[in-house]
Structure formats: C-alpha cells, structure tokens
Amino acid sequence: MEQGNESATTDFILLGFFSDSQHPKLLISVVLLSLGVAITGNSILALLIWGHACLHTPMYFLLSQLSLMDLMLITTTVPKMAANFFSGHRFISHIGCGVQIFLYLMLGVAECVLLTLMAFDRYLAICSPLRYPVIMTPRVCMQMATGSWAGGVLISLMHTIYAMHFSTCGSRKIHHFFCEVMALLKLSCEDTSTYEKVVLVSSIAFLLIPFGLIVTSYILIYFAVLHMNSPEGKNKALATCSSHLGVVSLYFGPAMIIYTTPRSSLPSEVDQHLFVFDVIITPMLNPLIYSLRNKEVLGALRKVLWRKLMFKQKR
C-alpha cells in the first residue's frame with residue numbers, strides 16, 4: 001500500500017543499492033563517513049589555497065576549483081540517498097531528477113576539462129619553466145577555470161534537456177541510487193538508440209580524448225624529468241605529477257568503463273558500484289592524495305593549526 005501511494009504521488013522511485021545489501025546500516029554509515037571526509041577535506045584544501053599567499057600559484061588555483069567540483073559532486077547525490085534511506089521513501093520528483101542529471105553531467109564534464117588543463121599546467125611548469133610564468137598568468141588561469149565550468153554547463157544542459165524529453169511508460173523505478181541519464185533511458189518507451197550513440201560520441205570527446213592528452217603530457221614530463229640534474233627537483237616533480245596521475249586514474253577509470261561499455265554487457269550491480277567509486281570515493285580521496293604528499297599544503301595546514309593553538313594559549 002505504501003509503495004502504491006509512493007509511486008502515485010511521485011514521478012520516479014530510486015531503488016538504490018541498499019535494498020540488495022545484507023548490511024544496509026553498515027553501508028549507509030560508510031557512505032555518510034565518506035561524505036563527511038569529502039566535505040571536510042575539500043573545504044579545508046580550498047580554504048588553505050585561498051587563504052595562504054604561498055599557495056597562490058596556477059597549480060593550486062586549479063586544484064581549488066577541483067575541490068569545489070568534488071564538493072558539489074558528492075553533495076549532489078549522497079544527501080538525497082541518505083534522506084531516502086532514513087525516511088523509507090525512495091522517490092524523487094521529475095524536476096529533482098532533471099536537476100541531479102544536470103549537476104552530475106556538468107561536474108563530470110567540468111572535471112574532465114579541468115584535469116586536462118592541470119596536466120597542461122604541469123607540462124609547462126616542468127618542460128618550459130622559463131615560459132611558464134609568461135603563459136600561466138592569473139588571467140589565463142581564470143579563463144581556464146571559467147572555461148571548465150562553462151563547458152560543463154553547456155554540454156550538461158543539452159544532454160539534460162534531450163534526455164528528459166523522452167516519455168516513460170510502465171515502471172517508474174530507476175535501478176540506481178541517483179537519477180543517472182542512462183538508467184533513466186531504460187524507462188523510456190521510445191527508441192533511444194540515436195541518443196545513446198550521441199552519449200558514446202560525447203564520452204569519446206570528454207573522456208578518451210582528454211585522457212589521451214593527459215597521458216601524452218605525462219610521457220613528455222617523464223622524459224623531461226629524466227634529464228634533470230637536481231635530485232630534489234626530480235623528487236618534487238615526480239611527487240606532484242604522481243598525485244595528479246592518481247586522481248586522473250580514480251576519475252577517468254570508472255567513467256570510461258561506465259560510458260564506453262555497452263549497457264547490455266554491464267550488469268546493473270557493477271554499474272552502480274562504479275558510480276559509487278566515481279561520485280563518492282573519488283571526491284573523498286582527492287584532497288587526501290593532494291595534501292598528504294604535498295609539503296606546501298601540509299606546511300600551510302601546520303601554520304593554521306599552530307596559530308589556533310597559540311591563540312588558545314593566549315586566551
């Protein structure tokens with residue numbers, strides 16, 4: 001009876017992955033812990049970068065934008081997932097579904113573009129250090145960030161409008177923990193094969209091509225590092241680049257599997273687990289990867305903690 005009322009008063013029902021779990025309470029606890037770590041880590045990293053002059057460089061400015069994107073990405077899906085779990089209602093309105101699709105796609109495309117630009121920034125810094133300050137001016141950095149956000153908004157808006165115009169018939173149950181565009185298309189009673197090809201082309205444009213550019217950049221960086229005479233310079237370059245490569249692998253790996261693999265050959269459970277990695281685990285790990293191996297970020301954090309400690313002692 002409750003399920004009937006739920007489906008009658010709402011547009012879609014998110015089945016999620018808690019219903020199939022033998023330990024749903026443990027799973028939601030892990031998800032909420034991940035949310036807390038992600039919000040804390042990305043917020044601290046962004047505030048450190050904005051508040052400390054030693055971190056006012058192109059690399060850290062772009063990193064602060066990545067933290068903002070990760071912060072928005074995890075808060076787009078997890079709070080709604082948790083609210084549905086604790087309330088017992090798994091519904092989402094038609095407008096709410098469209099908003100989730102728009103935000104997820106916007107942030108996904110924006111991160112792809114931004115990570116590519118961050119690789120270009122590292123390529124210039126290591127392979128062309130004399131030209132780096134001339135090219136990577138504050139204005140150029142702002143244009144890079146604006147281009148990433150604007151590109152995400154534009155591409156996402158087109159996909160969201162097109163995907164939401166398909167009419168649905170029969171079941172309105174989405175086999176996912178949030179409104180994901182391909183999961184929504186499975187409810188359509190229209191032919192969506194043309195749009196699925198468009199999604200594949202978009203995946204090539206915003207996943208495979210950027211990934212190829214990033215890999216090429218780091219191959220060139222690797223050869224440049226081999227010719228460095230300073231061991232300290234080598235270690236610093238490798239530490240910075242390995243952090244970025246770790247984030248690239250975390251983000252692009254699951255996303256490429258999700259959007260370049262035919263949906264018929266990808267089980268629903270595997271698909272959801274990949275999305276958990278993409279929208280929950282990656283935003284949680286990114287600030288940890290960048291901060292734990294970065295002496296400048298750790299130094300800025302120690303200064304903040306030391307000032308707070310001294311302030312408390314004076315009081």
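Residues numbered from 1 in each chain as written. Predicted model: local features only at pLDDT ≥ 70, side-chain atom pairs only at ≥ 80, totals over all residues. Heavy atoms only, no water.

### Regarding the pattern of salt bridges
Opposite charge on two side chains lets them pair, provided their charged atoms get close.
Then, number 1: On inspection of all chains with the given rule, the structure shows 1 salt bridge.
Then, number 2: The partner of Asp121 in a salt bridge is Arg122, and the shortest N-O contact between them spans 2.9 Å. Considered together, Asp121 and Arg122 belong to a single accessibility category, that of buried residues. (Salt bridge = Lys/Arg side-chain N within 4 Å of Asp/Glu carboxyl O. Buried < 20%, exposed > 50% of the residue type's maximum accessible area, 1.4 Å probe, protein only.)

### Points about the UniProt feature "transmembrane region" (unreviewed entry) in the chain
Then, number 1: Residues given the UniProt feature "transmembrane region" (unreviewed entry) here are residues 26-48, 60-81, 101-120, 140-162, 204-225, 237-260 and 272-292.
Then, number 2: As annotated, residues 60-81 has a helix share of 100% and a strand share of 0%, and its two end C-alpha atoms lie 32 Å apart.
Then, number 3: The straight-line gap between the two end C-alpha atoms of residues 237-260 is 32 Å; of that span, 100% is helix and 0% is strand. (UniProt positions renumbered as here; feature names shortened; annotations may be inferred. Helix = DSSP H or I, 4+ residues; strand = E, 2+ residues; numbered from the N terminus.)

### Re the state of the cysteines
Then, number 1: Considering all chains together, one arrives at 1 disulfide under this definition.
Then, number 2: Bridging Cys97 to Cys179, the disulfide has an S-S length of 1.9 Å. As the torsion about the S-S bond is roughly -105 degrees, the Cys97-Cys179 disulfide counts as left-handed. With Cys97 in helix H4 (residues 94-127) and Cys179 in the loop between strand S3 (173-174) and helix H7 (181-185), this pair connects stretches of sequence that are 82 residues apart. (Disulfide = S-S within 2.5 Å.)

### Brief notes about the sheet that holds S3
Then, number 1: Read across the open sheet, the 3 strands follow the order S2-S1-S3; overall the sheet is mixed. Only two strands of the sheet have a single neighbouring strand rather than two, namely strand S2 (91-92) and S3.
Then, number 2: Two strands pair when backbone bridges link them, and strand S1 (residues 12-14) and S2 are joined in this way by 2 bridges, in the antiparallel orientation. Note that in S2 the partner of Phe12 across the bridge is Ile92. (Pairing = 2+ DSSP bridges.)

### Description of the confidence of the model for the chain
Then, number 1: Per-residue pLDDT for the chain has a mean of 86; in total, 92% of the residues score no lower than 70.
Then, number 2: In the model of the chain, helix H1 (residues 2-9) stands out as the element of lowest mean pLDDT, 44, in contrast to helix H6 (residues 138-164), which has the highest, 95. (pLDDT = per-residue confidence, 0-100.)

### Focus on the side chain of Thr160
Then, number 1: Assignment of secondary structure puts Thr160 in helix H6.
Then, number 2: For Thr160, the side chain forms a polar contact with the main-chain oxygen of Ser156, separated by 2.7 Å.
Then, number 3: Residues in contact with Thr160, not counting those within four places in the same chain, are Gly98, Ile101, Phe102 and Leu105. (Polar contact = N/O pair within 3.5 Å; in protein donor to acceptor, adjacent residues only side chain to side chain. Contact = heavy atoms within 4.5 Å.)

### Things to note about the nonpolar core
Then, number 1: Grouped together as the largest cluster of nonpolar side chains are 82 residues, with contacts concentrated most on Leu115, Ile174 and Phe252.
Then, number 2: Here this core takes 14 residues from H4, the largest share from any one element. (Core = buried A, V, L, I, M, F, W, Y, C linked by side-chain atoms within 4.5 Å.)

### Examining helix H8 (residues 193-226)
Then, number 1: Compared with the 50 Å implied by 1.5 Å per residue over 34 residues, the 48 Å span of H8 between its first and last C-alpha is a close match.
Then, number 2: Along H8, the sharpest change in direction is near 30 degrees and occurs at Ile204.
Then, number 3: Among all positions in H8, only Tyr195, Val199, Ser202, Ser203, Leu207, Pro210, Ile214, Ser217, Tyr218, Ile221 and Val225 are buried. (Expected span 1.5 Å × (residues − 1). Bend = angle between axes of the 7 residues up to and from the residue.)

### Thoughts on the packing of helix H3 (residues 58-87) against H6
Then, number 1: Between H3 and H6, the shortest axis-to-axis distance is 10 Å and the interhelical angle comes to 20 degrees. On the basis of their axis angle, the class for H3 and H6 is roughly parallel. Where H3 crosses over H6, the handedness of that crossing is right-handed. Between H3, through Pro58, Phe61, Leu62, Gln65, Leu68, Met69 and Met72, and H6, the contact on the second element is made entirely by Cys141, Met142, Met144, Ala145, Ser148 and Trp149. (Axes fitted to C-alpha atoms, helices over the stretch in contact; angles between N-to-C directions. Parallel < 35°, antiparallel > 145°, perpendicular 65-115°, else oblique. Left-handed = near helix turned anticlockwise from the far one by under 90°.)

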